[in-house]
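# Topology and contacts: notes
Residues per chain, in single letters:
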Protein chains: 2
Amino acid sequence: MSKVVIIGSGNVATVLGIRIAMAGHEIVQVFSRKRENAALLAGQLHCPYSTYWTQISQEAELYLVALSDGALLSIGESLSLPGKLVMHTAGAVSKDVLLPVSKNIGVLYPLQSLRKEIRPFPPIPLLVDANTPVDKARIADFAGTLSGQVQEADDITRLKLHLGAVLVNNFSNHLYTLTEDYCRQEKIDFTLLLPIIQETASRLAHFLPRDTQTGPAIRGDGATIEKHLQLLHNYKNIKELYELFTHQIQQYRTGI
Amino acid sequence: MSKVVIIGSGNVATVLGIRIAMAGHEIVQVFSRKRENAALLAGQLHCPYSTYWTQISQEAELYLVALSDGALLSIGESLSLPGKLVMHTAGAVSKDVLLPVSKNIGVLYPLQSLRKEIRPFPPIPLLVDANTPVDKARIADFAGTLSGQVQEADDITRLKLHLGAVLVNNFSNHLYTLTEDYCRQEKIDFTLLLPIIQETASRLAHFLPRDTQTGPAIRGDGATIEKHLQLLHNYKNIKELYELFTHQIQQYRTGI
């Protein structure tokens, strides 16, 4: 078990903080510049908090820096933890941004969409990295106490997986958002679509998505596509996406 | 319990046929012009089959026509079942295409992506319609023996939900396909993305998608967007979608 300081109080800090506490590690302190957030998370983790960089405890072994990408880039101006193992949690930021903070640096990146208000927390694959094999093993061991799925991933691999997460999560979720808006506007019941959404996601565990594609685009069913486009007269965003996806799915099928 | 003839032998005919048999109805016959498919489905359903339109049994009460949209449009040339209740299963085709077949017509539309090889079958919301209240009630009762989720939906409502299914299923699945291709090409592990895909789908049961959007686009994180676009130099399809989604998510956020 490790002594840990959590730096940050947002979604990632909260969800990982709770996981770390539940795994039996000792959370020595929470740090956030926003007093209210610091107090809230410290209350959940039953530990003290600080709102001043200069008062960050030196008593821990691991420092988890769960801040925004922008804040990470200038962290060397605020934080110095020589001899400590310092990890950030960002998908698209090099571990090297931590070099001004310590010689021992690494990454613990949760490849999941984390929202502190959504319980239960989902399974969270953790991607780990560090600048020495010893620290990599240390972070991987720690990660293994938090998640059943831990893999090493260097800066570029992590960035590629982060890109993948944007494609499958952010963009699918935007499709859901537009579809929910459309249903509300047309007074139809969006929840009728939840089983097909769930099925589309679940079958990926057993089938390649290219092998399960269905629908008018891949069938080359121009009559149905035309009917759909007529329904979208007043839905500019959906129409743009409909046309681009239909074009791409048809091209993909024929291998153009 | 009803006596049913199944017309068709594709994914919808197979999945609904099995559901109908499992619900205890009597399947009198399977029809398909393709002998091999007819025999295969009849074997699964333990019933006789026919490959000639003229030999379709007159002994049933319900006729489920699970054919392609194109075949439905000309079904009046092949099939006449006066006095029988005839239903099709298509999302984007009016029930009126069945009027040349019988005066008693309706729809039993499964709002799900059905593939006969994917077991177990998922939950299947059924949308029902008919041209008289009596037949509507009869089809709804029948549907209730097959699914826990049955709703009435007229032609235009069904078409709108079919459009919704294309948006959330076909288009999300194309995103998954391109992402899986990308991972394979870049030698990274696509299965690491399955938990976030699953979570994105699951949380819709409790949260509106607009309230759970995350990622660089909605944060206005231009630096990360730039890094992602650089990775997509050789991925034209993904890049097109990335740019359109990022633009739309940012516009949506600011309400432009």
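Just so you know, these numbers come straight off a predicted model, no measurement behind them.

Turning our attention to unusual backbone geometry. Following Arg119(A), the chain continues to Pro120(A) via a peptide bond in cis, the omega torsion being -5°. Within the secondary structure, Pro120(A) sits in the loop between β6 (104-110) and β7 (126-130). Here Lys187(B), not a glycine, exhibits a phi torsion of approximately 55°, which is positive. The residue Lys187(B) is located in the loop between α5 (155-186) and α6 (194-202) in this model.

Turning our attention to the nonpolar core. Ranked by size, the top nonpolar core spans 78 residues in total, and within it Tyr242(A) and Tyr242(B) carry the most contacts. Residues in contact with Tyr242(A), not counting those within four places in the same chain, are Pro216(A), Ile225(A), His228(A), Leu229(A), Leu232(A), Leu163(B), Val166(B), Leu167(B) and Phe171(B).

As a further point, take the sheet that holds β7(A). Residues and elements named next belong to chain A. Pairing in this open sheet of eight strands is mixed, and the strands run β3-β2-β1-β4-β5-β6-β7-β8 from one edge to the other. The open sheet has two edge strands, β3 (49-50) and β8 (150-152), and neither has a second partner. As judged from the two bridges shared by strand β2 (residues 26-31) and β3, these two strands associate in the parallel manner. Among the inter-strand pairings, phenylalanine 31 is bridged to a residue of β3, identified as serine 50.

Let's shift gears to the interface of chain A and chain B. Interface extent is often summarised as the accessible area lost during association of the parts. Every contact between the two is made by 89 residues of chain A and, on the other side, 90 residues of chain B. Interface area, chain A with chain B, both sides summed: about 8,900 Å², of which 65% is carbon and sulfur. Counting every contact that joins chain A to chain B gives six salt bridges. Taking the shortest distance from any N to any O, the salt bridge between Glu180(A) and Arg210(B) comes out at 2.9 Å. Seen at the junction of chain A and chain B, the total is 40 residue pairs in polar contact (both at pLDDT 80 or more). Contributing elements (two or more residues each) for the side of chain A that touches chain B: α5 (155-186), α6 (194-202), α7 (216-219), α8 (222-231) and α9 (236-254) of chain A.

The next point concerns the pairing of β2(A). Each regular strand shows side chains that alternate between the opposite faces of the sheet. Residue and element names in this part refer to chain A. Of all six residues that make up β2, five are buried, and the element is covered over most of its length. Relative to β2, strand β1 (residues 3-7) runs parallel, the two being bridged by five bridges. Paired with valine 5 across the strands is glutamine 29, a residue of β2. At this point the chain moves from β1, through helix α1 (residues 11-22), to the parallel β2, and the crossover so formed is right-handed.

The subject of this paragraph is the pattern of salt bridges. Summed over all chains, the structure comprises 29 salt bridges over all chains. The partner of Glu186(B) in a salt bridge is Lys160(A), with the nearest N and O atoms 2.7 Å apart. Of this pair, Glu186(B) sits in helix α5 while Lys160(A) sits in helix α5, which puts the two residues in different chains. One salt-bridge network, in which partners are shared between bridges, spans Lys95(A), Asp129(A), Asp155(A) and Arg158(A).

Conventions used here
- Residues numbered from 1 in each chain as written.
- Chains lettered and ligands numbered in written order.
- Predicted model: local features only at pLDDT ≥ 70, side-chain atom pairs only at ≥ 80, totals over all residues.
- Heavy atoms only, no water.
- Helix = DSSP H or I, 4+ residues; strand = E, 2+ residues; numbered from the N terminus.
- Core = buried A, V, L, I, M, F, W, Y, C linked by side-chain atoms within 4.5 Å.
- Buried < 20%, exposed > 50% of the residue type's maximum accessible area, 1.4 Å probe, protein only.
- Contact = heavy atoms within 4.5 Å.
- Pairing = 2+ DSSP bridges.
- Buried area = accessible area lost by both parts, 1.4 Å probe.
- Salt bridge = Lys/Arg side-chain N within 4 Å of Asp/Glu carboxyl O.
- Polar contact = N/O pair within 3.5 Å; in protein donor to acceptor, adjacent residues only side chain to side chain.
- Right-handed = clockwise from strand over helix to strand, strands pointing away.

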